[in-house]
Amino acid sequence: INSTLGKSVGSLAAASVSFAVGLAALVLITLLVGGGFGDLGEARDLPWYYLIGGLLGAVYVTTALIAVRELGAGGVTVATITGQLTLSLADYSLKDVVHGVFSAVEPLATEKNIAFKVEVAKDLPSGHGDERRVTQVLLNLVGNAIKFTDQGEVTMRASAINGSYTLSVSDTGPGISEADQAKLFQEFQQADNSITRKKGGTGLGLAISKRIIEMQGGRIWVDSRPGQGSTFFVSLPVEVEQQARPT
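Everything numeric here is computed off the predicted structure, so don't read it as measured data.

Draft legend 1. Spatial organisation of helix α5 (residues 131–148). The end-to-end C-alpha distance of α5, which contains 18 residues, comes to 26 Å, matching closely the 26 Å that a straight helix rising 1.5 Å per residue would cover. A large share of α5 lies buried, amounting to 15 of its 18 residues. Put simply, aspartate 130 is the residue that caps the front of α5, since its side-chain oxygen is 3.2 Å from the backbone nitrogen of arginine 132.

Structure representation (structure tokens):
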């Protein structure tokens, strides 16, 4: 009975996180296209500000549920979650994605009094891939950067060369040791230090992001030194022709 119940909880959690992340990203994209973000100075007075916050909060709640399920009975992995994902390939503007993520998350940086900058290449081409999944990954990377940065700045960059996009999210946070970098993209793993334990998290976001990027034929990695901040990089084909198998 316990085994059956554990599997049911794991399936429910996996479905919930897929739904919550997807719905949050869908709301972001819809607001961006429709011009719903408006004046960020009045952001906190708009219903969408609280709606997005609630949806993104649901992501953390459901991933925590998965973590509890893993510790209690085992069997739930990132593969369980991403195995349910199917790419929806279409033409999209990476420039719009980057600026949409900036508009959605900028209030969090403002609240912490840290600078949040965006640098997008002027000649950035339109792409073909899963816009919603790319948005999810950027939200995760930028959200982590802001969470772990208490002073200084976070910068999101986007460029393209030789048929590939290069995305990066840099911060002036505490940095990550080489030992922690080796396990950072593994499920239920986080940097093992007092700052990470204080900030919290389930250790799922980067593992899920890795698989989403690999499903589109790309890769994700980090460059960091303790005390010198971190930069997360994503290399992604401009034209994604079909869904690939994650490594």
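Draft legend 2. Expanded view of the pattern of salt bridges. Tallying each qualifying case throughout the model produces seven salt bridges. Across the pair arginine 133 and aspartate 130 runs a salt bridge, and its minimum N-O distance is 3.9 Å. We classify aspartate 130 as buried; its relative accessible area is 3%.

Draft legend 3. Main features of the packing of helix α4 (residues 94–111) against α5. Between α4 and α5, whose axes approach to 10 Å, the crossing angle comes to 35°. Crossing of α4 against α5: the hand is right-handed. Taking contact as the criterion, the partners of Leu94, Val97, Val98, Val101, Val105, Leu108 and Ala109 in α4 are, on α5, Glu131, Val134, Thr135, Leu138, Leu139, Val142 and Ile146. When the residues that make up the contact of α4 with α5 are grouped by side-chain class, the tally is 12 nonpolar, one polar and one charged.

Draft legend 4. Layout of the packing of aromatic side chains. All told, the structure shown has four aromatic pairs when counted by the stated rule. Judged by centre distance (4.8 Å) and plane angle (35°), the rings of phenylalanine 102 and phenylalanine 116 are tilted. One end of the pair, phenylalanine 102, is in helix α4; the other, phenylalanine 116, is in strand β2 (residues 115–120), and 14 residues separate them in sequence. We classify phenylalanine 116 as buried; its relative accessible area is 10%. Aromatic side chains phenylalanine 185 and phenylalanine 232 sit 6.2 Å apart centroid to centroid with 75° between the ring planes, which places their arrangement in the edge-to-face category. On the criterion of sequence distance, the pair formed by phenylalanine 185 in the loop between α6 (178–181) and α7 (194–199) and phenylalanine 232 in strand β7 (residues 230–237) is long-range, its members being 47 residues apart. There is no split in this pair, since phenylalanine 185 and phenylalanine 232 are both buried. Between the NZ or CZ atom of arginine 219 and the centre of the ring of tryptophan 221, over which it lies, the distance is 3.9 Å.

Draft legend 5. Spotlight on the confidence of the model for the protein. Overall, the predicted model of the protein reaches an average pLDDT of 74, with 58% of residues at or above 70. Counted against residues more than four places away or in other chains, residues 191–202, with its pLDDT under 50, gives 25 contacts.

Draft legend 6. Structural view of the environment of proline 174. Within the secondary structure layout, proline 174 lies in the loop between β5 (164–171) and α6. In the structure, proline 174 is positioned 54 residues away from glutamine 228 in sequence and 6.5 Å away in space, judged by C-alpha atoms.

Conventions adopted
Residues numbered from 1 in each chain as written. Predicted model: local features only at pLDDT ≥ 70, side-chain atom pairs only at ≥ 80, totals over all residues. Heavy atoms only, no water. Helix = DSSP H or I, 4+ residues; strand = E, 2+ residues; numbered from the N terminus. Expected span 1.5 Å × (residues − 1). Buried < 20%, exposed > 50% of the residue type's maximum accessible area, 1.4 Å probe, protein only. Polar contact = N/O pair within 3.5 Å; in protein donor to acceptor, adjacent residues only side chain to side chain. Salt bridge = Lys/Arg side-chain N within 4 Å of Asp/Glu carboxyl O. Axes fitted to C-alpha atoms, helices over the stretch in contact; angles between N-to-C directions. Left-handed = near helix turned anticlockwise from the far one by under 90°. Contact = heavy atoms within 4.5 Å. Nonpolar A, V, L, I, M, F, W, Y, C, P; charged D, E, K, R; others polar. Phe/Tyr/Trp six-rings, centres within 6.5 Å; stacked < 30°, edge-to-face > 60°. Lys NZ or Arg CZ within 6 Å of the ring centre and 35° of its normal. pLDDT = per-residue confidence, 0-100.

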